[in-house]
Amino acid sequence: MFLNDQETATDLLYYEAIAKTVVTLIRKTPDAPVTIGVHGDWGAGKSSVLKMLEGAFAEDDRVLCLWFNGWTFEGFEDAKTVVIETIVDELRRARPTSKKVADAAKKVLKRVDWLKLARKAGGFAFTAASGIPTFDQVKSLYDVATSFLAKPQDHVSIEDLKGVAEKAGEFLKEAPDESDNLPEHIHAFREEFKELLDAADIDQLVVIVDDLDRCLPKTAIATLEAIRLFLFVERTAFVIGADELMIEYAVREHFPDLPPSSGPVSYARNYLEKLIQVPFRIPALGVAETRVYVTLLLAENALGSKDPRFLNLLASAREDMRRPWKSRGLDRRTVEQAMAGKMPPDVDQALVISAHVTKILSEGTRGNPRQIKRFLNSMMLRHAIADERGFGADIQRPALAKIMLAERFYPDFYEQIARLAANHPDGQPEALRRFEEHVRAPAPEEDDDEKPAGKGGRKVARSAPAPLPAEAMEWEKNEWAKGWAVIDPPLTGVDLRPYVFVTRDKRSSLGGLAAASHLEGLVEKLMGPTMMVRGAVGEIAKLTGPEPEEVFEAIRGRILQDDNFAAKPKGADGLVRLVEAHPTLQRRLLEFIRELPVTKVGSWAASSWGACFTDTGIAAEYQATLRSWAEQTENSILQKAAQGISKLQRG
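Treat the numbers as computed from the prediction; the structure is a model and nothing was measured. (Residues numbered from 1 in each chain as written. Predicted model: local features only at pLDDT ≥ 70, side-chain atom pairs only at ≥ 80, totals over all residues. Heavy atoms only, no water.)

Draft legend 1. Focus on the sheet that holds strand β2 (residues 63–69). Strand order in the open sheet formed by five strands is β2-β3-β4-β1-β5, and the pairing between neighbours is parallel. Edge positions in the sheet fall to β2 and β5 (278–281), since each has one partner strand and no second. When strand polarity is set aside, the average angle formed by the axes of neighbouring strands in this sheet is 15°. Against the sheet, helix α1 (residues 16–28) makes contact with β1 (34–39), β2, β3 (204–210), β4 (236–241) and β5, and its axis sits at roughly 170° relative to β5, the strand it touches most. Across the sheet, helix α8 (residues 217–231) touches β1, β2, β3 and β4, and the angle it forms with β4 is around 170°. (Pairing = 2+ DSSP bridges. Helix = DSSP H or I, 4+ residues; strand = E, 2+ residues; numbered from the N terminus. Axes fitted to C-alpha atoms, helices over the stretch in contact; angles between N-to-C directions. Contact = heavy atoms within 4.5 Å.)

Draft legend 2. Quick look at the pairing of β4. Most of β4 is tucked away: six of the six residues are buried. Here β4 shows a buried face lined by Thr-236, Phe-238 and Ile-240 and a second buried face lined by Ala-237, Val-239 and Gly-241. Relative to β4, β3 is paired through five bridges, and the arrangement is parallel. Looking at β4, one finds that Val-209 is bridged to Ile-240. Handedness of the crossover joining β3 and β4 through α8: right-handed. (Buried < 20%, exposed > 50% of the residue type's maximum accessible area, 1.4 Å probe, protein only. Right-handed = clockwise from strand over helix to strand, strands pointing away.)

Draft legend 3. Representation of unusual backbone geometry within the structure. Of note, the amide linkage connecting Asp-488 to Pro-489 takes the cis form, showing an omega dihedral of 0°. Despite not being glycine, Tyr-14 shows a phi value in the positive range, around 60°. For Tyr-14, the location among the structural elements is in the segment before α1. Even without being a glycine, Asp-201 presents a positive backbone phi close to 55°. Following the sequence through the fold, Asp-201 ends up in the loop between α7 (182–200) and β3.

Draft legend 4. Examining the packing of aromatic side chains more closely. Tallied over the full model, the rule gives 10 aromatic pairs. Note on Phe-435 and Trp-475: the rings are 5.5 Å apart at their centroids and 65° apart in plane angle, and the pair reads as edge-to-face. Of this pair, Phe-435 sits in helix α18 (residues 430–440) while Trp-475 sits in helix α19 (residues 470–476), and the two are 40 residues apart along the sequence. Judged by centre distance (6.1 Å) and plane angle (70°), the ring pair of Trp-604 and Trp-609 falls under edge-to-face. Neither Trp-604 nor Trp-609 differs from the other in exposure class; each is buried. Every member of this aromatic cluster is reached through a ring pair, and the members are Tyr-410, Phe-413, Phe-435, Trp-475, Trp-480 and Trp-484. Lying across the ring of Trp-67, Lys-51 places its NZ or CZ 4.3 Å from the centre. In this structure, Arg-228 packs its charged tip against the face of Phe-232, placed 4.1 Å from the ring centre. (Phe/Tyr/Trp six-rings, centres within 6.5 Å; stacked < 30°, edge-to-face > 60°. Lys NZ or Arg CZ within 6 Å of the ring centre and 35° of its normal.)

In short, the description is geometric, and any link to function would need to be established separately.
Spelled out as structure tokens, the structure:
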């Protein structure tokens, strides 16, 4: 019933081709160091590709493949040294009986202690600009520490300083002739690391770095710089799974003084390209690929991943996806052949669902496999709940999928349908019936404005169609709603009340796809007072993938549902903080502002959004909205506030 949201053991998307290409590249460059980026949006399948890559080296004794998850070490004071220590420890564990490896590892770790020593007291920066601390810096640190011990201050821990002084003194004794030349320090570190690889007796070290785009900017940059500064030596390959746009964002945040661009390419992009030599981007799924993926997911769920019928279907799908531009998705004939002529009911329903929801699901999720999987998980979970409550027979999955498409991609439209269904005695809204009939009706012929001639040869004028209900007239203006209405199955004559019941999760303000407790908690904080909102800034910054949008929609829905806009509603400050941290939500915020009922809102609506709109185009649209408020006469309070803000901006 449940589709695992982790990296998959079954390659349903033929990503093996990407993994094999990366393996070939690594094997063909055994001597030169290389950094390879496996890029893709959140949920695109990066971790699955990296797992396949790891599996490809599993049987090769001459290649040591290590896994490093950057997110696991989020919050460590110095991510740079953590990266180095982790890799050295993994090398030592891979060769537990080798004294040569133990001795070489000890030598490298001693130099890492030196790095940590300088950070502890002096806060020295080990970046591409400043490198490793010099001998003079360490000597200065030693002098400072010992002087503090002579006359300790109230705010200094004697034990901490004693440890610092002892380590600094130990280093100075062991390395009295250490040069303070920065390039020589970096060279020495790399030489010691190469000695460790020689001791391990391997041809290549492959380090897989995953979840880097989930880290805060400081951690992401420190990890990449540790790789390039200290570990980038012969016979090493680093494969980094991350969304390149998130890494570019991390560069801009970590180096805020960078100029915006250098010619056609930004400095952030240039920096990223220096760190990652060979980028591979996982493409988003097209319509045909989405249809194949949905069919395979549901078929695997129904049959099991080891069932011969599913394996036959998977082989057919892989053959189809070799040339995705020619694919039309898995058709019924192909599936029937894989099922040996006997189609199981669940697989037959999988075909129906994939055929009906693919287009909108592909466009709405932008071809993102994880979001597609979450949609299907939510659908199956809701059907299971209906079964447990005893009304499973009242719900058909194709109709449920159609209702959920509206809920996920056009929530206002869904809310109207849900309200109309709840208020109809049979759960069959008249507005929806008329809308579907109107959209599905064939276009009239140009000369067919009169009925055929009756008796006497006279043509009879056709009666004009009855006007649509008010709700349907609004839907008719929206292309998404019209596209949704033509999807099979039609909902005319269907009692929608059981569907509304299972899709309206009363315990969650986040809807069907975001049943995540940490998001629920964050929404509550952002609906709270100003101090609580400020305290949630760290949590907001860690939101990834579709999470910012889901939180935004949850807050937006609660504000509009309260329908009280005279004073600033709870949640408005939360929206501001959310958009400031995730500028891609600026368009959403502008749409929300335009949704506010002009006759009901107070002066806060004109003055609450501050510097949220950094995109020049969206900022211009917001100014146009502000001007329209200043010119309207229905709400004098809002009018005066908008006029005052506009005047202040001109000044």
